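Read off the chains here:
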Amino acid sequence: MRTKSSAIVHEQVASSGSIKRPDSAGLGTALAAVGVLAFSGSMPATVYAMRGLDPFLVAIGRAVLALVVAAGFLLIARAPLLPPRRDLGSYVVIALGVVFGFPVFSGLALYGGASTSHSAVIIGLLPAATAVFAVLRAGERPRAAFWLASGLGALSITVFTLSRGGGHVATADLLLVLALGSAAVGYTEGARLTRTTPGWRVISYALVVAAPLTVPLTVWLALTTEPVLTGESVAGFLYTGLISMYLGFIPWYAGLAQGGIARAGQTQLAQPLLTLSWAVLLLGEPFDPWTIVAAMAVLVCVAATQRTRAGVIRA
């Protein structure tokens, strides 16, 4: 008969691939929570930035702002400015997911009319989507309950979007789904690399890999879109570039590495509700009780996926 302590060890090994001491796991969860708090303000900040800037300039330009900070960190640490060649493919995947995919798709969805609160509910499925990609990437064999919870979460989002679109899925909703998938892929690959590389270097190298595209595109967009610099647009752009695109990833990836993806990742359950709060406080967005119901349904489903995944068996 397996003892309680051995069960805890089994869960920790299954969730992260190595044994996590209680103090390390607690620190990892706290770091991940800081990252979630940083990410929760991304959509309101994007709305602010687009009040004076082209949506593509916001999405691509923020990566260039983050690149400047990342290069400074790499120089101060005397770390190589280029990632190891053996991991280049992984960094390309991360860049496609979190440097290009999520910012572009989510920004276009908000620009196309999706409210921040509506977007927060759909993006709330991100932890479950990340867990699914992690399962596929790591060759894990989750229990049926994992797939059931993931399916119910997707069903909740589908019902929510259809009820808002009169039985039809709007273009903005499709863009949000693409943003969701992009972030899940980027988070999964980034968390895998943080097992051997510090999280700040992972996001730094992803920005470096993307630079041959982000830098010229940003210059071209800045010259052709006639940006209007206001207090709101500048503040929103600075937040998306410094916090959402870089500094937020440092505690987030470090938390996943130290606390385990399954355990520390549960902190992201709070992100939709935090974003809803920012939408009310900063943007004055109204939302009806059904938005809260949908957000809570997603939260329950995501919590179930995280809990059932903690005990999966690796192939």
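Presented here is a report on the structure given in the accompanying data block. Since the structure is predicted, the reported quantities are computational estimates derived from the model, not experimental observations. (Residues numbered from 1 in each chain as written. Predicted model: local features only at pLDDT ≥ 70, side-chain atom pairs only at ≥ 80, totals over all residues. Heavy atoms only, no water.)

**A word on the overall build of the chain**
Along the backbone of the chain there are 15 helices and two strands. Expressed as a percentage of its 315 residues, the buried residues of the chain come to 52%. Contacts in the chain between residues at least 24 apart in sequence constitute 89% of all its contacts with a sequence separation of at least 6. Of the roughly 14,100 Å² of accessible surface on the chain, a fraction of 70% belongs to carbon and sulfur atoms. (Helix = DSSP H or I, 4+ residues; strand = E, 2+ residues; numbered from the N terminus. Buried < 20%, exposed > 50% of the residue type's maximum accessible area, 1.4 Å probe, protein only. Contact = heavy atoms within 4.5 Å. Areas by Shrake-Rupley, 256 points an atom, 1.4 Å probe, with all protein chains shown as cover.)

**Comments concerning the packing of aromatic side chains**
What describes a pair of aromatic rings is the distance from one ring centre to the other and the angle between the planes of the rings. For the structure on display, the rule yields nine aromatic pairs. Measuring from centroid to centroid gives 6.1 Å for Tyr 187 and Phe 249, while their planes differ by 75°, and the two rings are edge-to-face. You can see Tyr 187 sitting in helix H9 (residues 171-193) and its partner Phe 249 sitting in helix H12 (residues 249-259), a full 62 residues away along the chain. The pair Tyr 187 / Phe 249 is uniform in exposure class, with both members buried. (Phe/Tyr/Trp six-rings, centres within 6.5 Å; stacked < 30°, edge-to-face > 60°.)

**Focus: the packing of helix H6 (residues 116-123) against helix H14 (residues 271-283)**
Interaxial distance between H6 and H14 falls to 9 Å at its minimum, and their mutual angle equals 175°. Relative to H14, the element H6 is oriented roughly antiparallel. Facing H6, whose interface residues are Thr 116, Ser 117 and Ala 120, H14 presents Pro 272, Thr 275, Leu 276, Ala 279 and Leu 283. (Axes fitted to C-alpha atoms, helices over the stretch in contact; angles between N-to-C directions. Parallel < 35°, antiparallel > 145°, perpendicular 65-115°, else oblique.)

**Things to note about the pattern of salt bridges**
Evaluation of the coordinates by the stated rule reveals three salt bridges. Of the charged contacts in the structure, one is a salt bridge between Arg 51 and Glu 232, with a shortest N-O distance of 3.1 Å. Of this pair, Arg 51 sits in the loop between helix H3 (42-49) and helix H4 (55-76) while Glu 232 sits in helix H11 (residues 231-247), placing them 181 residues apart in sequence. Residue classification places Arg 51 among the partly exposed positions, given a relative accessible area of 43%. Judged by relative accessible area, which is 36%, Glu 232 ranks as partly exposed. (Salt bridge = Lys/Arg side-chain N within 4 Å of Asp/Glu carboxyl O.)

**So, unusual backbone geometry**
Outside of glycine, negative phi angles account for most residues, and trans bonds account for most peptide bonds. In this structure, Arg 78 takes a positive phi of about 55° despite not being glycine. If you trace the backbone, Arg 78 turns up in the loop between H4 and helix H5 (88-111). Even without a glycine there, the phi angle at Glu 226 is positive, about 55°. Tracing the chain through its elements places Glu 226 in the loop between helix H10 (199-224) and H11.

**What to know about a nonpolar patch on the surface**
Judged by side-chain polarity, Leu 148, Leu 152, Leu 155 and Val 159 come together as a nonpolar surface patch covering roughly 380 Å² of accessible area. When you line up the elements, Val 159 lands in helix H8 (residues 144-164). (Patch = residues over 30% accessible without salt bridge, like charges linked within 9 Å, V, L, I, M, F, W, Y side chains within 5 Å.)

**Let's talk about the nonpolar core**
Residues Val 99, Ile 203, Leu 207, Met 245, Phe 249, Trp 252 and Tyr 253 are the most contacted members of the largest nonpolar core, which totals 72 residues. Once you skip the residues sitting within four places of it in the chain, Met 245 turns out to touch Arg 62, Ala 63, Ala 66, Val 98, Val 99, Ile 203, Leu 207 and Thr 240. (Core = buried A, V, L, I, M, F, W, Y, C linked by side-chain atoms within 4.5 Å.)

**Concerning H4**
Helix length check: H4 (22 residues) gives 32 Å between terminal C-alpha atoms against 32 Å at 1.5 Å per residue, within 8%. In the structure, H4 departs most strongly from a straight axis at Gly 61, where the bend amounts to approximately 30°. For H4, the side-chain oxygen to backbone nitrogen distance between the N-cap and Phe 56 is 2.8 Å, and the N-cap itself is Asp 54. Directly after H4, the chain includes Arg 78, whose backbone phi takes a positive value near 55°. (Expected span 1.5 Å × (residues − 1). Bend = angle between axes of the 7 residues up to and from the residue. Polar contact = N/O pair within 3.5 Å; in protein donor to acceptor, adjacent residues only side chain to side chain.)

**Comments concerning the environment of Phe 105**
Positionally, Phe 105 belongs in helix H5. For Phe 105, a relative accessible area of 24% translates into the label partly exposed. Between the alpha carbons of Phe 105 and Ala 179 there is a distance of 5.1 Å; along the sequence they are 74 residues apart. Once you skip the residues sitting within four places of it in the chain, Phe 105 turns out to touch Leu 175, Leu 178, Ala 179 and Ser 182.

**Let's talk about the side chain of Thr 188**
Looking at where Thr 188 falls in the secondary structure, it is placed in helix H9. What makes Thr 188 buried here is its relative accessible area of 8%. Leave out the neighbours within four places in its chain, and Thr 188 touches Thr 130, Phe 133, Ala 134 and Arg 137.

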